Amino acid sequence: MYRIIPDTAVSGQVAALPAEVLAGYAEVLEVLQLTPWNGPPQHPAKPDAPVRRWAFGPGQAGQVVYLILEEQQGGTPAARAMVGLTGPAPLRDVAPTTAP
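Residues numbered from 1 in each chain as written. Predicted model: local features only at pLDDT ≥ 70, side-chain atom pairs only at ≥ 80, totals over all residues. Heavy atoms only, no water.

### Topic: the overall build of the chain
Secondary structure summary: the chain contains two helices and four strands in total. For the chain, the residues scored as buried account for 28% of the 100 residues in total. Surface summary for the chain: the accessible area is close to 6,200 Å², and the carbon and sulfur share equals 58%. (Helix = DSSP H or I, 4+ residues; strand = E, 2+ residues; numbered from the N terminus. Buried < 20%, exposed > 50% of the residue type's maximum accessible area, 1.4 Å probe, protein only. Areas by Shrake-Rupley, 256 points an atom, 1.4 Å probe, with all protein chains shown as cover.)

Next up, the structure:
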């Protein structure tokens, strides 16, 4: 089983996700703990690369991008994850806005 190590930016990104996609995000994390190599590579030209991605949500607009670390201190493999928004119809605009 893989241990998920969230990147420091993940908590803010997840907090900004709409409530209706959180279950899909949680499902992705469950799968990553068992089979992170099943996600497609971030770059198709490098099919064996440890940087992977997994889409979720309506229109697959949400995306978890992660790095698989097979050898960690203590012997537990890990997947370092970040969550991002992608696709033609984003889940929600999470960019901070400022008043002029």
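### Regarding the pairing of strand 3 (residues 62–69)
The pairing of strand 2 (residues 51–56) with strand 3 spans six bridges and is antiparallel. Residue pairing in the sheet places R53 in a bridge with V65 of strand 3. The antiparallel hairpin formed by strand 2 and strand 3 contains five residues in its connecting segment, where G57 sits at a positive phi of about 85°. (Pairing = 2+ DSSP bridges.)

### Notes on helix 2 (residues 22–34)
With 13 residues, helix 2 extends 19 Å between its outermost C-alpha atoms, agreeing within 8% with the 18 Å of an ideal straight helix rising 1.5 Å per residue. Every buried residue of helix 2 is listed here: Y25, V28, L29 and L32. Buried positions in helix 2, seen along its axis, are confined to an arc of 100° and lie on one side of it. Relative to its buried face, helix 2 has exposed residues pointing more than 90 degrees away, namely E27, E30 and L34. (Expected span 1.5 Å × (residues − 1). Arc of directions from axis to C-beta.)

### Focus on the environment of A55
Residue position: A55 is located in strand 2. By relative accessible area, which is 28% here, A55 ends up partly exposed. Here the alpha-carbon distance between A55 and Y25, two residues 30 residues apart in the chain, equals 8.8 Å. Those residues within four positions of A55 in sequence are excluded, and the remaining contacts are V28, Q60, G62 and Q63. (Contact = heavy atoms within 4.5 Å.)

### So, the packing of aromatic side chains
Following the criterion strictly, the structure yields one aromatic pair and no others. The interplanar angle of 55° and the centroid separation of 5.7 Å between the aromatic rings of Y25 and F56 together place this pair among those described as tilted. Residue Y25 is located in helix 2, and its partner F56 is located in strand 2; the two are separated by 31 residues in the primary sequence. Each member of the pair, Y25 together with F56, is buried. (Phe/Tyr/Trp six-rings, centres within 6.5 Å; stacked < 30°, edge-to-face > 60°.)

### With respect to the environment of L17
Take L17: it is sitting in the loop between helix 1 (10–15) and helix 2. Using a relative accessible area of 6% as the deciding quantity, one classes L17 as buried. For the pair formed by L17 and G62, sequence separation is 45 residues and the distance between their alpha carbons is 8.8 Å.

### A short note on the nonpolar core
Grouped together as the largest cluster of nonpolar side chains are 12 residues: Y2, V10, L17, V21, Y25, V28, L29, L32, F56, V64, Y66 and I68. When contributions to this core are tallied by element, the ones reaching two or more residues are helix 2 and strand 3. At four residues, the largest contribution of residues to this core is made by helix 2. (Core = buried A, V, L, I, M, F, W, Y, C linked by side-chain atoms within 4.5 Å.)

By themselves, these are just geometric observations and shouldn't be taken as functional.
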